[in-house]
Amino acid sequence: IIREDGVCPCVMTLYYTGGATPHTQEMISDPSRREIIDSTPQIRNIHLANITSRGHTAAAGVFVGLPERPIENVTLDNVVIDVIPRDFPYCPAMAFNCPDDMNGQGLWGRYVKNLSIRNCSISVDARSALALHDSDGLDLSHSRLETRGDGAQAVTLENVTDVVIESCRQSPCP
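Since the model is a prediction, treat every value here as computed from it, not as a measurement.

What follows is about a nonpolar patch on the surface. Taken together, the side chains of L157, V163 and I165 present a nonpolar region at the surface, about 220 Å² in accessible area. Examined against the element boundaries, L157 turns out to sit in strand β11 (residues 155-166).

Here is the structure:
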């Protein structure tokens, strides 16, 4: 699959802002852990492979689960993503609990469990090629993370447990 010139090639969120009213917005944007009930949404067991995505402007991908039910078991295998930033702040996720400005961001996730990134190439502007927060289980292997900005980190992890990174390369974009 080859995809070109979009906003963000992959968005998975359980904090969708669409349809939120002033009455419901406070409740559905609250990041507090809640009891899991039958209607608690879930996203799990997603495998994305053999995809090339170029010229996207907002972020390489956004994954936002819930504290009580993270997005689970996501694999990116042989995926190439190149992000070219816009000239203004932008968030592609239409989701609560993620940054308002993801312009030029790589993969960004919060409340994700068991994210596997293998044989991938992610090229971004001045932000991290991968930023993961409040998550458990990252397996990053045989991948290239390229950044165009001075001092940009390839990987940013905040409150992430069970991390394995092997045979990866960080390099500046040409």
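Text resumes after the structure shown.
Backbone geometry places N114, a non-glycine residue, at a positive phi of 65°. Tracing the chain through its elements places N114 in strand β7 (residues 112-118). Non-glycine residue N159 carries a positive phi angle of around 55°. Accessibility expressed as a relative area gives 56% for N159, which makes it exposed.

Looking now at the pairing of strand β5 (residues 71-83). One ladder, built from six bridges, connects β5 with β7; its direction is parallel. Within β7, the position partnered with I71 by the bridge is V112. The sheet contact formed by β5 and strand β8 (residues 121-124) spans three bridges and is parallel. Residue pairing in the sheet places D82 in a bridge with S123 of β8.

Let us now look at the pairing of strand β4 (residues 59-64). Within β4, six of the six residues are buried, leaving the element largely enclosed by the surrounding structure. Pairing of strand β2 (residues 11-13) with β4 involves three bridges; the strand directions are parallel. Paired with V11 across the two strands is V62, which belongs to β4.

A few words now on the side chain of D77. Looking at where D77 falls in the secondary structure, it is placed in strand β5. Discounting chain neighbours no more than four positions away, the residues touching D77 are H47, L48, A49, N50, R118, N119 and C120.

The subject of this paragraph is the environment of V79. If you trace the backbone, V79 turns up in strand β5. Judged by its relative accessible area of 5%, V79 is buried. Sequence spacing of V79 and L48 is 31 residues, and the spatial spacing of their C-alpha atoms is 7.6 Å.

The next subject is the nonpolar core. Within the largest apolar cluster, 38 residues are counted, with the highest numbers of intra-cluster contacts made by F63, L76, L107, L115 and I117. Mapped onto this core, the elements with two or more residues apiece are β4, β5, β6 (105-110), β7, β8 and β9 (130-141). Ranked by the residues each element gives to this core, the list is headed by β5, at six residues. Setting aside its immediate chain neighbours within four residues, L107 contacts A60, G61, F63, L76, I117, I122, A129, L130 and A131.

On to the environment of R127, then. Positionally, R127 belongs in the loop between β8 and β9. A sequence separation of 25 residues divides R127 from M102, and the C-alpha atoms of the two residues are 8.9 Å apart. Dropping the residues within four chain positions of it, R127 is found in contact with D101, M102, N103, G104, Q105, T147, A152 and Q153.

Now for the side chain of Q105. Structurally, the position occupied by Q105 is in strand β6. Once residues lying within four places of it in the same chain are set aside, the contact partners of Q105 are A58, A59, A60, V83, V124, R127, S128 and A131.

Predicted confidence across the chain gives a mean pLDDT of 84, with 84% of residues reaching 70 or more. Per-element confidence in the chain ranges from a low mean pLDDT of 68 for helix α1 (residues 22-29) to a high of 98 for β7.

The next subject is the pattern of salt bridges. Tallied over the entire structure, the rule returns three salt bridges. Between D134 and R110 there is a salt bridge; the shortest N-O distance is 3.0 Å. Within this pair, whereas D134 is found in strand β9, its partner R110 is found in strand β6, the two being separated by 24 residues in sequence. Since its relative accessible area comes to 25%, D134 is described here as partly exposed. Classification of R110 as buried rests on a relative accessible area of 16%. In this structure, R144 and E146 form a salt bridge, with 3.5 Å as the shortest nitrogen-oxygen distance.

Rules of the game
In this numbering scheme, every chain counts its residues from 1 along its sequence in written order. It should be noted that, the model being predicted, local features are given only for residues of pLDDT at least 70 and side-chain atom pairs only at 80 or more, the latter also being counted only at that level, while totals for whole chains, interfaces and linings use all residues. Note: side-chain values were computed over all heavy atoms of the structure, leaving out hydrogens and water. In this analysis, a patch consists of residues with relative accessible area above 30% that form no salt bridge, clustered at 9 Å for like charges and at 5 Å for the nonpolar side chains Val, Leu, Ile, Met, Phe, Trp and Tyr. Shrake-Rupley sampling with a 1.4 Å probe provides the accessible areas, and residues are treated as covered by the protein chains on show and by no other component. In what follows, salt bridge is the name for a side-chain nitrogen of Lys or Arg lying within 4 Å of a carboxyl oxygen of Asp or Glu. Starting at the N terminus, helices and strands are each numbered in turn, a helix being any DSSP run of H or I of at least four residues and a strand any DSSP run of E of at least two. Categorising residues by exposure relies on relative accessible area from a 1.4 Å probe, with only protein chains included: less than 20% of the type maximum marks a residue as buried, more than 50% marks it as exposed, and the intermediate range marks it as partly exposed. Should DSSP find at least two bridges between two strands, the strands are regarded as paired. Should any heavy atoms of two residues lie within 4.5 Å, those residues are considered in contact. We define the nonpolar core as a collection of buried residues of types Ala, Val, Leu, Ile, Met, Phe, Trp, Tyr and Cys that are connected through side-chain atoms lying within 4.5 Å of one another. pLDDT runs from 0 to 100 and stands for how confident the predictor is about each residue.

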